[in-house]
Every structure is written in structure tokens, then in C-alpha cells.
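What follows is the residue order along each chain.
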Amino acid sequence: MNQQLPMVIVVLPLFGTIAGFCTGWWARKMPFILAIMALGGSFTGAVVVASGVMKTGPLHYHISGWIPPFGIEYRIDHLNALLLVLISFLALATAVYARSSVEKEMPDRVFLFWCLYLLLITGLLGIAVTGDLFNLFVLLEVASLAGYALVAAGDRRAAVAGFRYLVIGTVGACFYLLGVGYLYIATGTLNIKDLAVLLPPLYGSGTVITAFIFILAGLAIKIALFPFHAWQPDAYTHAPSAVSVIISTAAAKTFTYALIRVMFSVFTIDFMRSNAPMTGVVCWTGAASIIIGSVYAIAQDNLKRMLAYSSIANVGYLVLGIGLCGATSLGLKPVVVHLVNHALIKGAMFMAACAVIYRQELRHISGLQGLSRQMPVTALMLVLASLSMIGLPPGGGFVSKWYLILASIESGQWGFVAVIFVSTLLMLVYFWRVIEMIYIRPPLSEPAPVTRWSGEQPLGMMIPCVVLSVLSFAIGLVWMSGALDGLIQGVNLNFGLGGVP
Amino acid sequence: MRLIGFIIVCICGGLLLYGTSEFPDWGDPASPASTHLSNDYIEKAFDQTQVPNLVTAVLADYRGFDTMFETAVVFCAGLACLLLLRDYSRKKERFYRHVPTGVILQVKHPEKKLPVGTEFEYMDKDWVPSDLIIKNVCRILIPFIQIYALYVVAHGDFSPGGGFQGGVIFGSSLILLAISYNLRTLVQRVKEKALGILCALGVLVYVGIGALCMPLGGNFLDYSALTRIIPWDPHHIRAYGMLGVEIGVGIAVMAVMVVIYINIASEGRHDEGL
């Protein structure tokens, strides 16, 4: 049965959707219970699979029993395993968190929320394990479609935000599909492993280069990299709380993973090197994303919107790391580290920010005065996660930036070191406003006598929030202790990175 | 802004044309797409699956997993439609026509209903008196359309067709009913919950057949594992497995189409509309 686990992980949430949809018409609580069971099962499975991969190397699973280029295969290497654990963990934490918030935000459609939520997770988990480019597209559609619907179910302006997300996201998916089509015409296969074998003689071909550019642009839209980010701030701001949390963490990180997979498994680092300007463009787009995202974040007063722009900056970090990885001995280390760190930090931040909206209806930073009295735990978590992101050692953000700076220095790109320093300063500016409002400014009015804890979020929302923000600090220690170095080495080995440049 | 858009479109179009410049010739038998995998599919598919229609064999067996998620996408569209359009608020007013006098009554109280029959009749928002000829022609046509839909589903293995097409035809027969009579006729005959269950059931048939193969010792969707419970030749069983999933697809597509139509036509209120 153990060898069936990769499939079980993906199919469990799908079964959860179906069962939840059938029972939800009559039993209102059932979909939530089913969701927790399905996601719990997926998480356990993911941990087992990940430990198996760490021990014995990449796993293969041939769907329908056909040998790979003919059928579809699941291929799980170190990066996939890490992603699986990360997605299923975040999905589970968000599901626990979502229970109260969904009851408040869409009381008459709770079961539909859970069904679409599980479909979204199915899509993300599927992307994280698949070894086939077209299968990746289909799952991208499942995840995106569920995402559009969930975003549009948010507050009064969410329908417009969701529609924008739908239109721009579909353009992104089309670009990706066009790219895959071009690759198919050039090689006649869709299997990632097979493509990596067939493509090298064709690296100079116009068809292949066009395919690369289109896939890159399509996925850049999905991860909201700077010139393609127009849909993202609105979608994150107006989506329901739980949806903001999940699409800013698990979904964004999965699409980033897809980008890494295409760039280094389908095209390999040799393609990037043989088309040298490509790496420069990727790096500088990342750098521009970092600076512009941070500058826009400073200009925002809406807390969720500020976090959304901060996500654009952090996607810039990831893309910068991806661009640099061929030139350093660290390889993908900064990227993988930041992928995990940012997912945890942003998750904690959105959870805290949405809890403030849930309890106090406070959406603006300028209204947060006195929050430390009314919601002490939430305020503390928000600040903790902010400090972690700014880069207070030993937080996750510190480790990410440390490795990214090392990578920049090693590849001799001092400009990027400056970019990272400047962005850290900008980050300090926009998070300091939050910290100042919460802890330093006196509350506008004297709170009523019993308010000290009364405004706190419900326990079900608080626990995931606390877990994520504590983890966002603890993960920094884990990275520094070297406990996960084996994983990183595995990732670099699979992509042929991290050697002497 | 328009200028920027135009420039971007030009760049994209130019890139696409540049990409096509190195395409193999149209229909070139030596092109990679026709040599790498296609030959194996063409030579082996019939022996391996006993399905004469190669397209079906590739879609429902070799790449059946993609098709499963395509069905999930359709299901997702139905769910999204329900989530976003379905209006559960009970604040609705009804219109009735008093048949003998032709007076139109507006009932604002959501719970109050007038007895509909000889004296009163529903007055839908976009109500148009339906034509006798249209009604009768459609009434005769609908059963034939439905039989044809079942034929298309069942014959997916042998000729062009399959679950998606058959489901769409069946769904459109129900929509024809709603157009030629009125939406209320359809909503009364096919209950919302039944439609919802059918959507999920269609996907469940597909995923269920796939998952059933796992405890029987095969991988997911490996139909040949089904020989453990149905003693049949392992190649023929693949054809029947495909038929099974096609039926699932057909059910899901049919139900989702009707759900989407009802929700859009009635603005999510499921009682009146086109």
C-alpha cells in the first residue's frame, strides 16, 4: 500500500470534495469534518512519502500502469517532497483557521466553500507531484478555477477582483499552454524527464526559445511577479480571510515551484547558460519586483493590501534566487529556504490580519491603535511574524536574506546585495508602522474595563496563527542548524546545481 | 494604455510567428510529434485496450488521469456557479396573473403564495407566452435528443463521441425544455439537490473506478486490475473501464450544464427566469 501513497495524497482531498458536496446539503458540519480528515490524511501521507524520498531517493508512480512517455507519471524528488509537506501542512492549518471565519463571512454557503477549498488543495498537491507538463496544466486549471471562485466569494468588491484574477490568470494559463504546445511540436512528448533528454540538441531552435518565454511569462502571471502582478493586490485584499491565507501561501508557492521545475527540469541550467541574457533578465525582473513591491507596500494603509504588495517583493526574492542559482555553489538553497520561510511568515501575517478584521472590523493600519490591549496574542503574532520577515536573527527572513546575499556576492553581483539591503530598509519602514500603531501609539479611546481579552480571536483561529508565527522563527534555527542540509543537497543534485560554477 | 497594450500584443504575436518559423511542415510524417510516441499508440493501442477509437484510448486510458481532472474542472465550474450565483436570501417578490381579468398581482411577502391553477398563473419576470408549435415540437424532440446523447456516450469507444459530448447533448435537451416551456417546469422536474448529487456522482464514478484499482493490486486507473472482480480478458476490461469513466463524465457534464444554466437564467433564485 505504501507505494500507492503519492496517489492517495492527491486523491484524498478530491474524495473529500465529493463526499462533502453530497452530504453538505443536509449536514452542515460534515464538509468541515471531512475536510479535516482528508487534509490530515494527506499531510500524514506527505510526511511518510517525504521521509521515504530522503532515504531512498526519487519515487516514481506510473498512473494507469503505463510506462512514462506513454502514460502519465508521478515523480517525487526532494523538492516535490518538501512542497507536498508544506502544502498539506498549510492547507490543514488554514482549514482549522477557516472554520470560524467562513461561518461569519458566508454563512449560507459554508459547504460550497469547503468543496472548492478541497478542490484547490487537490490541484496544488497534484502540481507538486506530477511529472508531466500537460497534467501540470490541467491541475493548474483545477487550482486556479477554484481559486477564482473562492476569491470572488469575498467582500463587496471581491467580485470585480475575482473577475480580474480570472481574466489575467486565464491569460497566464493560456501562455503556459501555448508554450507546452510548442514544446510538443518540437519534441513530440510531454513527459518532463523525456523532454529533458530530447531538448538539449534543440536549445538553439526558435520554437524552443519561444516556448520557454511563453511558459515563463505564463507562470510569472500566476506568481504575480512585478510587471504581471496587476491582479494580485485586489485579489488578496478582497478575498475571504481563509482564501487570502491559502492563495498567498500554498498556491503562490506551488506556482513558484512549477516555475523552478520548468526552468531546471525541463530546460536545465545548460539552456539558461547557453542563452545568457535570459539569466540577467530573470535576475533584474526579480530585483525590480523586490523594490517596486516594497515601495508600493509603504504607500498602503489597508493592512491586507500592504501584505499583498509585500508578497510581490518576496516573489522578487525567489525569482532573484532562481536567476542567481546557476552562478553559485549554493544552488537553489536561497530559493528553497525562502520558499518555506515566506509561506510560513505570510501565512501567520494574513491569519493575524484577517483575525483583526474578523473581530474588530479593522482593515486599516491607522486604525490599529490599542490592538495590543484588545487582542494581545494576535498583535504579538503579527509583530513576531513582521520581525521574522524583516530579518531579525534567528528568524526565517534573516536566513533567507543571508543566503541570498551570499549568493549575490559569490556570483559577483554587488548590485543585488544593495537591492536586498534597500528592500530590508523599506520593509522596516512598512512593518514599523504596524508595530508603532500596535504597541507605541496610545489607544484612541480608553478601552472598557473588561476588554483585555474580550476582543481576542477564537481559539480555533488563534492556534494555527500562533503555530505558524512561532514556526516562522523556529525554521530559521532549523536551517542554521543544518538539519535539512541533506534535503537541499538532494534538490541541488536533482537539478545539477550547486557545484562549482 | 491602449498603445502599451497594442505594443504588447504585437510583441507576443511576433514571438509566436518567430516560434512557428522552425516548425516542421504541415502534416510532415517525419516531424517529432508524429514519430516519437504516435507510432506506438497507433500500433499498440488496439491490442492493449481493445478500443478501436485511438483518440478515446489515449484520452481515457493512456492519459486518463488528465481526463479525470478535466471532469474535476467541469465539476469545479458547477461548484463555482453555485457559490457565486446561487441566491439563498428569501427576499423575493412574486408576480401572478389573475387569469379571468388579466390583472397582474405583485406579492411582496416571501412566504405568501397564491394558489396557482385555473384562477392564477405564474408571471415570470421575463415571461413570454409560449408558442403551441414550439412547445409540441420540443416535447417530441427531447426524448430523441436524450437517446442520441446516450448513444454518443456509449459509442465513445468506437466512433467520435464520448462522455463530454454526450453529456453536453443530454444537458442541452434539458435546457431546451426550460426554453420551450419555462424554467419553472425544469426546476420542478429536476430538483436542485438531485442535480448537485449528480454532479458529484459523475466525478465519483470516475475517481471511484480509478481508486478501486488500487486495493485490487494495480496503480490508480489501471483498469486491468479490475479483472480480479470481473473475470474477463485484461485487454477487454480496459475497454469496459473506459466505458465506465465515460458514463461518469457524461453524468457530471450533463448535471453541471443544467446547474450553470439554471443559476444564470434565474439569477440564482431557482424559480423563474428565461
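Note that this is a predicted model, so its numbers are computed, not measured.

### Quick look at the overall build of chain B
Summing up its helical and strand segments, chain B has 10 helices and three strands in all. Counting from the amino terminus, chain B carries its helices and strands in the arrangement α-α-α-α-α-β-β-β-α-α-α-α-α. Its C-alpha radius of gyration of 25 Å places chain B more than 25% over the 19 Å reference for a compact globule of 274 residues. Principal axes of the C-alpha set define a box for chain B whose edges measure 75 × 65 × 35 Å. For chain B, restricting intrachain contacts to residue pairs at least 6 apart in sequence, the fraction spanning at least 24 positions comes to 59%. Taken together, the 22 basic and 25 acidic charged side chains of chain B have centroids lying 16 Å from each other.

### Observations regarding the overall build of chain A
Looking only at helices and strands, one finds 21 helices and two strands in chain A. Whereas a compact globule of 501 residues would reach a radius of gyration of roughly 23 Å, chain A reaches 22 Å, a difference of no more than 12%. A principal-axis box enclosing the C-alpha atoms of chain A has dimensions of 75 × 60 × 40 Å. Looking at the 501 residues of chain A, the share that counts as buried comes to 65%. Element-wise, carbon and sulfur atoms account for 70% of the exposed surface of chain A, whose accessible area totals about 15,900 Å². Across chain A, the centroid of the 26 positively charged side chains sits 5 Å from that of the 18 negatively charged ones.

### Quick notes on the packing of helix H4 (residues 110-129) of chain A against helix H5 (residues 64-85) of chain B
Look at H4(A) against H5(B): their axes get within 10 Å of each other, and the N-to-C directions meet at 150°. Classified by the interaxial angle, the pair formed by H4(A) and H5(B) is roughly antiparallel. In terms of crossing hand, the pair formed by H4(A) and H5(B) is left-handed. Contact residues: A:Leu112, A:Phe113, A:Cys115, A:Leu116, A:Leu119 and A:Thr122 in H4(A); B:Phe69, B:Ala72, B:Phe75, B:Cys76, B:Leu79, B:Ala80, B:Leu82 and B:Leu83 in H5(B). Counted by class, the contact of H4(A) with H5(B) contains 13 nonpolar, one polar and no charged residues.

### Some details on the environment of B:Val58
All names here are of chain B. With respect to the element layout, Val 58 can be found in helix H4 (residues 54-62). With 12 residues separating them along the chain, Val 58 and Phe 46 place their C-alpha atoms 11 Å apart. Residues contacting Val 58, with those up to four places away along its chain left out, are Tyr 41, Arg 63 and Gly 64.

### Here we look at the packing of H4(A) against helix H5 (residues 133-152) of chain A
All names here are of chain A. As a packed pair, H4 and H5 sit with axes 8 Å apart at the nearest point and diverge in direction by 150°. Taken together, the axes of H4 and H5 are roughly antiparallel relative to one another. Pair H4 / H5 crosses with left-handed handedness. Between H4 and H5, the residues in contact are Phe 113, Leu 116, Tyr 117, Leu 119, Leu 120, Thr 122, Gly 123, Leu 124, Gly 126 and Ile 127 and Leu 136, Leu 139, Leu 140, Val 142, Ala 143, Ala 146, Gly 147, Ala 149 and Leu 150, respectively. Partitioning the contact of H4 with H5 into residue classes produces 15 nonpolar, four polar and no charged.

### Observations regarding the sheet that holds strand S2 (residues 103-107) of chain B
Residue and element names in this part refer to chain B. Here we have three strands laid out as an open sheet, ordered S2-S1-S3, and antiparallel in their pairing. Of all the strands in the sheet, the pair left with one neighbour each is S2 and strand S3 (120-122). Each strand axis lies, on average, 35° off the axis of its neighbour in the sheet, ignoring direction. Here strand S1 (residues 94-98) runs beside S3; their pairing, made up of three bridges, is antiparallel. Looking at S3, one finds that Tyr 96 is bridged to Tyr 122.

### Remarks on unusual backbone geometry
Here the residue pair A:Pro393 and A:Pro394 is connected by a cis peptide bond, since its omega of 0° sits within 30 degrees of zero. Structurally, the position occupied by A:Pro394 is in the loop between helix H16 (376-390) and helix H17 (396-410). Positive phi, normally seen in glycine, also occurs at B:Leu221, with a value near 65°.

### Here we look at the interface of chain B and chain A
A common way to state how big an interface is: give the accessible area lost once the parts meet. Taken together, the contact pairs 55 residues of chain B with 65 residues of chain A. Among the salt bridges present, the one from A:Asp132 reaches B:Arg63, with a minimum N-O distance of 2.6 Å. Summed over the shared surface of chain B and chain A, the number is 17 residue pairs in polar contact (both at pLDDT 80 or more). Ranked by residues supplied to the side of chain B that touches chain A, first place goes to H5(B) with 15 residues. Classifying every residue of the side of chain B that touches chain A by side-chain character gives 35 nonpolar, 10 polar and 10 charged.

### Looking at the state of the cysteines
Residue and element names in this part refer to chain A. For the coordinates displayed, the defined rule picks out zero disulfides over all chains. With no disulfide of its own, Cys 115 has Cys 22 as its nearest cysteine by sulfur position, at a separation of 8.6 Å. On the basis of relative accessible area, Cys 115 is assigned to the buried category, the value being 1%.

### Concerning the environment of A:Leu84
Residue and element names in this part refer to chain A. Within the secondary structure, Leu 84 sits in helix H3 (residues 78-105). Residue classification places Leu 84 among the buried residues on the basis of a relative accessible area of 0%. A C-alpha to C-alpha distance of 6.3 Å links Leu 84 and Leu 125, two positions 41 residues apart in sequence. Contact partners of Leu 84, with chain neighbours within four places excluded, come to Ile 9, Ala 46, Val 49, Ile 76, Leu 125, Ala 128 and Val 129.

### What to know about the nonpolar core
Within the largest apolar cluster, 258 residues are counted, with the highest numbers of intra-cluster contacts made by A:Phe21, A:Phe264 and B:Phe220. Looking at which element gives the most residues to this core, the answer is helix H14 (residues 333-360) of chain A, with 18 residues. When near neighbours in sequence (up to four residues on either side) are disregarded, A:Phe21 contacts A:Phe111, A:Leu112, A:Cys115, B:Phe75, B:Leu79, B:Leu82, B:Gly196, B:Cys199 and B:Ala200.

### Section: the confidence of the model for chain A
On average, residues of chain A carry a pLDDT of 88, and 97% of them reach 70 or more. Looking across chain A, the model is least confident in helix H19 (residues 451-454) of chain A, with a mean pLDDT of 57, and most confident in H5(A), with 94.

### Overview of the side chain of A:Ser244
Residue and element names in this part refer to chain A. With respect to the secondary-structure elements, Ser 244 resides in helix H10 (residues 241-266). Judged by its relative accessible area of 0%, Ser 244 is buried. When near neighbours in sequence (up to four residues on either side) are disregarded, Ser 244 contacts Tyr 236, Ala 239, Lys 304, Phe 350 and Cys 354.

### Quick look at the pattern of salt bridges
This model, assessed by the stated rule, comprises 14 salt bridges over all chains. The salt bridge involving A:Asp108 is made with A:Arg109; its shortest N-O contact spans 3.6 Å. Look at A:Asp108 and you get partly exposed, because its relative accessible area is 39%. The exposure class assigned to A:Arg109 is buried, which follows from its relative accessible area of 16%. Residues B:Asp66 and B:Arg63 are paired through a salt bridge, measuring 2.9 Å at the closest nitrogen-oxygen approach.

About the thresholds
Residues numbered from 1 in each chain as written. Chains lettered and ligands numbered in written order. Predicted model: local features only at pLDDT ≥ 70, side-chain atom pairs only at ≥ 80, totals over all residues. Heavy atoms only, no water. Helix = DSSP H or I, 4+ residues; strand = E, 2+ residues; numbered from the N terminus. Rg over C-alpha atoms; globule rule 2.2 N^0.38 Å. Contact = heavy atoms within 4.5 Å. Lys, Arg positive; Asp, Glu negative; His and termini not counted. Charge placed at Lys NZ, Arg CZ, Asp CG, Glu CD. Buried < 20%, exposed > 50% of the residue type's maximum accessible area, 1.4 Å probe, protein only. Areas by Shrake-Rupley, 256 points an atom, 1.4 Å probe, with all protein chains shown as cover. Axes fitted to C-alpha atoms, helices over the stretch in contact; angles between N-to-C directions. Parallel < 35°, antiparallel > 145°, perpendicular 65-115°, else oblique. Left-handed = near helix turned anticlockwise from the far one by under 90°. Nonpolar A, V, L, I, M, F, W, Y, C, P; charged D, E, K, R; others polar. Pairing = 2+ DSSP bridges. Salt bridge = Lys/Arg side-chain N within 4 Å of Asp/Glu carboxyl O. Polar contact = N/O pair within 3.5 Å; in protein donor to acceptor, adjacent residues only side chain to side chain. Disulfide = S-S within 2.5 Å. Core = buried A, V, L, I, M, F, W, Y, C linked by side-chain atoms within 4.5 Å. pLDDT = per-residue confidence, 0-100.

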